[in-house]
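# What the coordinates show
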Amino acid sequence: MTNPNNITFPVYGMHCASCATNLSKAFNQIEGIDSQVNLTLEKATLAFDKTDNKHPLAPMIMEVLSEKGYQTDHQNIQFEAEWSCSSCVESTLKAIKSHHLVIDATANFATKTLQVNTFAGVASKPFIKELIDLSPYPLTHKVAITTQQQLLNKQKLEQKKQRREHVSLAIAVLLSLPFWVAMINMLFSDTPLLLPWVEFALATPLQFIVGARFYKGAWSSLKGGSANMDVLVVLGTSAAYFFSLYHLLNNTPSHLYFETSSLVIVLIRLGKYLEFRAKQASSKAISALSQLQVLDALVKKGNNFKRVLMEEIQVNDIVQVAVGDKVPVDGIVIEGSSYIDESLLTGESAAIQKQQDDKVFAGTLNGDGTLLIKTTAVNEQTKLHNIIQLVESAQMSKAPILQLVDKVSAIFVPIVLVIAVITFALWMFTTGDLEQALMHSVAVLVIACPCALGLATPTAMVVGTGLAAQKGILIKDINTLQLAHKLKHIAFDKTGTLTKGQVAIDDVTSFDSRFLPLLLAMQQSSKHPIAKAVVAYCKELNINAEQIGQPQNIHGEGLHGRFKEQDLLVGNRKLLTHFDIDVEQQLAIHTVNVEADQNVIYVCYAGTLLGLFIIADELRPESQTAITELKELDLTTTLISGDKYSVVQAMSAELGINSFYAEQTPEQKLQQLSLLQKDALVAMVGDGVNDAPALAQADVSIAMGGGSDVAKQTASMTLMHDDPRLIAVAMKISRATWSTIRQNLFWAFIFNALAIPAAALGYLSPSIAAIAMSASSLIVLSNSLLLKRTRLK
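Given the structure is predicted, the values throughout are model-derived calculations rather than measurements.

## What about the overall build of the protein chain?
Scanning the protein chain for helices and strands turns up 26 helices and 29 strands. Across the protein chain, every contact between residues at least 6 apart in sequence was considered, and the portion connecting residues at least 24 apart equals 69%. When the accessible surface of the protein chain is summed, it comes to about 37300 Å², and 55% of that surface belongs to carbon and sulfur atoms.

## Focus: the pattern of salt bridges
According to the stated counting rule, one finds 9 salt bridges in the structure shown. In this structure, Asp296 and Arg307 form a salt bridge, with 3.0 Å as the shortest nitrogen-oxygen distance. Of this pair, Asp296 sits in strand 8 (residues 296-301) while Arg307 sits in strand 9 (residues 304-309), placing them 11 residues apart in sequence. Look at Asp296 and you get partly exposed, because its relative accessible area is 30%. Asp723 serves as the salt-bridge partner of Arg725, at 2.9 Å between the closest nitrogen and oxygen. Relative accessible area serves as the criterion here: at 35%, Arg725 is assigned to the partly exposed category.

## Focus on the pairing of strand 3 (residues 43-49)
Walk down a regular strand and you will see the side chains alternate between the two sheet faces. Within strand 3, 5 of the 7 residues are buried, leaving the element largely enclosed by the surrounding structure. Of the strand pairs in this sheet, strand 2 (residues 33-38) and strand 3 are connected by 6 bridges, and their pairing is antiparallel. Counterpart to Gln36 in the pairing with strand 3 is Thr45.

## A short note on helix 20 (residues 623-632)
Taken as a whole, helix 20 has its buried residues at Ser623, Ala626, Ile627 and Leu630. All buried residues of helix 20 lie within an arc of 95° about the axis, which places them on one face of the element. For helix 20, the elements touching its buried residues are strand 18 (489-492), strand 24 (608-619), strand 25 (636-640), helix 21 (645-655) and helix 25 (726-760). With its phi angle positive at about 60°, Asp634 sits one or two positions after the end of helix 20.

## What to know about a nonpolar patch on the surface
On the surface, Phe746, Trp747, Ile750, Leu754 and Ile779 cluster together into a nonpolar patch covering about 530 Å² of accessible area. Of all the elements, helix 25 adds the most residues to the nonpolar patch, at 4 residues. Looking at the element boundaries, Trp747 is found in helix 25.

## Description of the side chain of Asp317
Relative to the assigned elements, Asp317 resides in the loop between strand 9 and strand 10 (318-321). No salt bridge is formed by the buried Asp317; its nearest oppositely charged neighbour, Lys301, is found at 4.7 Å. Of note is the side chain of Asp317, whose polar atom sits 2.9 Å from the backbone nitrogen of Gln314. Those residues in contact with Asp317, other than ones at most four positions away along the chain, are Val299, Glu312, Ile373, Lys374 and Thr375.

## A look at unusual backbone geometry
In this structure, Asn316 takes a positive phi of about 85° despite not being glycine. Assignment of secondary structure puts Asn316 in the loop between strand 9 and strand 10. A positive phi angle is found at Glu565, which is not glycine, with a value near 65°. Inspection of the secondary structure puts Glu565 in the loop between strand 21 (558-563) and strand 22 (566-571). Given the relative accessible area of 68%, Glu565 is considered exposed.

## Brief notes about the sheet that holds strand 19 (residues 499-510)
Strand order in the open sheet formed by 6 strands is 19-24-23-22-21-20, with antiparallel pairing between adjacent strands. Each of the sheet's edge strands pairs with one partner strand only, and the pair in question is strand 19 and strand 20 (552-554). Pairwise comparison of adjacent strand axes, ignoring direction, gives a mean angle of 25° for this sheet. Inspection of the sheet shows strand 20 paired to strand 21 by 3 bridges, in the antiparallel sense. The residue of strand 21 that forms the bridge with Gln552 is His560. Packed onto the sheet, helix 17 (residues 529-540) meets strand 19, strand 23 (599-605) and strand 24 and runs at close to 60° relative to strand 19.

## Things to note about the packing of helix 16 (residues 515-523) against helix 17
Between two packed helices, what matters for the description is the angle formed by their axes and the separation of those axes. Where helix 16 contacts helix 17, the axes come no closer than 9 Å and their chain directions differ by 135°. In terms of axis orientation, helix 16 runs oblique to helix 17. As for how helix 16 packs across helix 17, the hand of that crossing is left-handed. Contacts between helix 16 and helix 17 involve Leu516, Leu519, Leu520 and Gln523 from the first element and Ile530, Ala531, Val534, Val535, Tyr537 and Cys538 from the second. Among the residues making up the contact of helix 16 with helix 17, the classes are represented as 9 nonpolar, 1 polar and no charged.

## Brief notes about the environment of Glu199
Assignment of secondary structure puts Glu199 in helix 6 (residues 196-210). If sequence neighbours within four positions are ignored, Glu199 has contacts with Phe179, Leu194, Leu256, Phe258 and Glu259.

## Description of the packing of aromatic side chains
Counted by the stated rule, this structure contains 12 aromatic pairs. Note on Phe9 and Phe119: the rings are 4.9 Å apart at their centroids and 15° apart in plane angle, and the pair reads as stacked. Residue Phe9 is found in strand 1 (residues 4-10), and its partner Phe119 is found in strand 6 (residues 113-119); the two are separated by 110 residues along the sequence. Across this residue pair, the class does not change: Phe9 and Phe119 are buried.

## A closer look at helix 2 (residues 58-68)
Looking only at helix 2, the buried set comprises Ala58, Ile61, Met62, Val64 and Leu65. The buried residues of helix 2 occupy an angular sector of 155° when projected down its axis, which confines them to one face. Turned more than 90 degrees away from the buried face of helix 2 sit Ser66 and Glu67, all of them exposed. Residue Gly69 follows helix 2 closely and has a positive phi angle near 80°.

## So, the nonpolar core
Ranked by internal contacts, the top residues of the largest apolar core, which has 42 residues, are Phe9, Leu23, Phe27, Ile61, Leu65 and Phe119. In contact with Ile61, other than residues within four places in its own chain, are Ile7, Phe9, Phe27, Ile30, Leu46 and Phe119.

## Thoughts on the pairing of strand 24
As paired elements, strand 19 and strand 24 share 7 bridges and run antiparallel to each other. By the bridge assignment, Ala504 is partnered in strand 24 with Ala616. Where strand 23 and strand 24 come together, 7 bridges link them in antiparallel fashion. Bridge assignment links Tyr602 to a residue of strand 24, and that residue is Leu612. Connecting the antiparallel pair strand 23 and strand 24 is a turn made up of 2 residues, with Ala606 showing a positive phi of about 55°.

## Examining the sheet that holds strand 8
With respect to topology, 6 strands assemble into an open sheet ordered 9-8-10-16-11-14, the strand pairing being antiparallel. The strands lining the two open edges of the sheet, one partner per strand, are strand 9 and strand 14 (359-360). In the sheet, strand 8 pairs with strand 10 via 2 bridges, with the strands oriented antiparallel. Directly across from Val299, in strand 10, lies its bridge partner Val319.

What counts and what doesn't
- In this convention, every chain numbers its residues from 1, walking through the sequence in written order.
- Given that this is a predicted model, residues contribute local features only at a pLDDT of at least 70 and side-chain atom pairs are listed and counted only at 80 or more, while totals for whole chains, interfaces and linings are drawn from all residues.
- Only hydrogens and water are set aside when side-chain values are computed; all heavy atoms of the structure are taken into account.
- Elements are defined by DSSP. Helices are runs of H or I of four residues or more, strands are runs of E of two residues or more, and each kind is numbered from the N terminus.
- Working rule for contacts: check all heavy atoms of both residues, and any pair within 4.5 Å makes them a contact.
- In short, Shrake-Rupley with a 1.4 Å probe defines the accessible areas, and a residue's cover is counted only from the protein chains shown.
- The salt bridge criterion pairs a side-chain nitrogen of Lys or Arg with a carboxyl oxygen of Asp or Glu, the two atoms within 4 Å.
- Relative accessibility under 20% of the residue-type maximum defines a buried residue, over 50% an exposed one, and the middle range a partly exposed one, all with a 1.4 Å probe and only protein chains included.
- If DSSP finds at least two bridges between two strands, the strands pair.
- Regarding the arc, it is the one traced by the directions from the helix axis to the C-beta atoms.
- Residues enter a patch when their relative accessible area is above 30% and they make no salt bridge; the linking distance is 9 Å between like charges and 5 Å between nonpolar side chains (Val, Leu, Ile, Met, Phe, Trp, Tyr).
- Neither His nor the chain termini are counted; the positive set is Lys and Arg, and the negative set is Asp and Glu.
- Between N or O atoms, a polar contact is any pair within 3.5 Å; within protein, one atom must be a potential hydrogen donor and the other a potential acceptor, and residues adjacent in sequence are included only when both atoms are from side chains.
- Fitted lines through C-alpha atoms serve as axes, helices being fitted only where they are in contact, and the angles separating the N-to-C directions of these axes extend from 0 to 180 degrees.
- For classification purposes, an angle smaller than 35 degrees is called roughly parallel, one larger than 145 roughly antiparallel, one from 65 to 115 roughly perpendicular, and anything else oblique.
- Should the near helix be turned anticlockwise from the far one by less than a right angle, the crossing is left-handed, and should it be turned clockwise, the crossing is right-handed.
- The nonpolar class holds Ala, Val, Leu, Ile, Met, Phe, Trp, Tyr, Cys and Pro. Asp, Glu, Lys and Arg form the charged class, and all remaining residues, Gly among them, are polar.
- When the centres of two rings from Phe, Tyr and Trp lie within 6.5 Å, Trp using its six-membered ring, the rings pair. Their planes under 30 degrees apart give stacked, over 60 give edge-to-face, and anything left gives tilted.
- Definition used in this section: a nonpolar core is a set of buried Ala, Val, Leu, Ile, Met, Phe, Trp, Tyr and Cys residues joined via side-chain atoms within 4.5 Å.

Encoded structure:
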């Protein structure tokens, strides 16, 4: 070889020296390869000529390993690419795949990312440079970090931003406290409470540090050719601040308005903080979903299982899932059987039995058996990750609702500016007095300063959300209040929302006194949800268990035990049939009818039916009242569930729900909700991960307090108690709160409409304007406090 190059990689699955010899011979049959395979170290070292570009070696090496039934470790390398068209992607992939050691390469044009798959340990700096040089378009290597590191980095960033917001608001409140006292003093005395230079020292950091974001927002708005509330804040506060600073520096006898500018900054800053909290809730939803993903898994390497990071697991890897562990990947069961709790993904309340050839999904919880799974999808390809993407997509697709204040400000700000300029010009023309003209034009800007406007929304929101919190309802953001009063349709998930989300014993029928003692004996050592329900039921009745040996678990059927040398069976029809017991004959003896759609558990001893019971997801006692109260508010109801058609239909009829959709996946729930939204604004009520996409898509999303963290983080409204009757209470509070906000805005605008002309005509000095503005703020605040008297019954 003119330019030799070596690679060493692990090989798993070899059992003897002949395995290593035969594998080495197979590698040597590849042109340009000279190999050594070490059985003890379970490694292969291949020497090849890197100047020989006739064919890429990596796919051929993988083909040999596959034919021999061996495995190796892979490594993914991420790049950011500068592409401008799809043909750029194709030419890059073609070039990258020509490298000797590239097993495969995939690209995403939308995100402009390239992923290269190679052998573990190959990704050195020279190798990465070779790939970058091969590419016809610029590539930037992305340093790989684990999922755990990504979550930690994201959490640190969010915590840092939150601390910054808290500190900024705390500083604003502390610096403004003396001004609150001084403003109240203005109502009763003409003597200033604070020294002028003290006012200046307090107002300056509030104006230019705390208020910096408003200056930036105003500048951005003006550059875009519009005027929002930031422009209004900057105009009013700057006029008051610089007018005061002018008189302070010139030592002229005049009232100072530092308190006016400062308090407006603080009040509007409070509103911005509430908006920040709402945005933070949206990002927490994605974070909570991501935390459902496991960080590592047991992967088969030869005859042993090694714990491997999720980033290193490949499709077709064999993964072991122990009892009580989360399933790490999407895959197919190749060995073992167990009950899997898939309620997070499907909404099905009962655990589902999984055995050979059944599909399992990442994020679900393994029950009572160990499983071997052949991986079909990992990381970004899993169903769980698809739900994460659906949540992100639904949140992104929500059109932002413009605040009413900003809508009016777009017209109001230019009008105020024009009035201020006209006022200055007319007073200069008629009196020739510069200071008098300036005083009246500043009075216009001060009276137009949106103190009442700034209070109108946050004060009503604080009182409304406080009232809701007292009733056990958490309302997270202003958008919820803007939309909730317009709602026409409420969509419900079933499991955990209208039901308790737990397996319950229902309709117990006993034909023999030994029924419950033997049933308890069979179930008391099991961890299955049905067993837990049986134990709880028997405990309430003070039932004592018989003494029997350890029962055998027959997956998908039930339990088989022995009592006094006779067969004891607890399970479904399939179990009884397996032991040649005629179920219909036994039921006929006791004249009992069983509905086909009911989940019935039978207890048989020595071939005789001792009793039976039905397992069900028990309806919440408050659900019927909740639906009735929503109908009284002229709201239409719909049930959207992943449960069986017969179960959903029966519950819908029992509660008087207008319509229902059964056996719905998270994707289908999202589709049904989108269809409902074509006709009206829709709220979604749910409690699980499977509800998260629909909750994110809904106009108003409501989560049950006992539900998953993901549902609560995604939802814009959370019921802190698992009581669906609170939904009607929440609607009443939302309607009352939004009504108060509109009243506040009305009075604030009416005040400006009357006060601005008065200031322009010289009837209001800046000091009187400041007092009048304070009075308007007190009116708005008082009106907001009246929300506490809202009747919710």
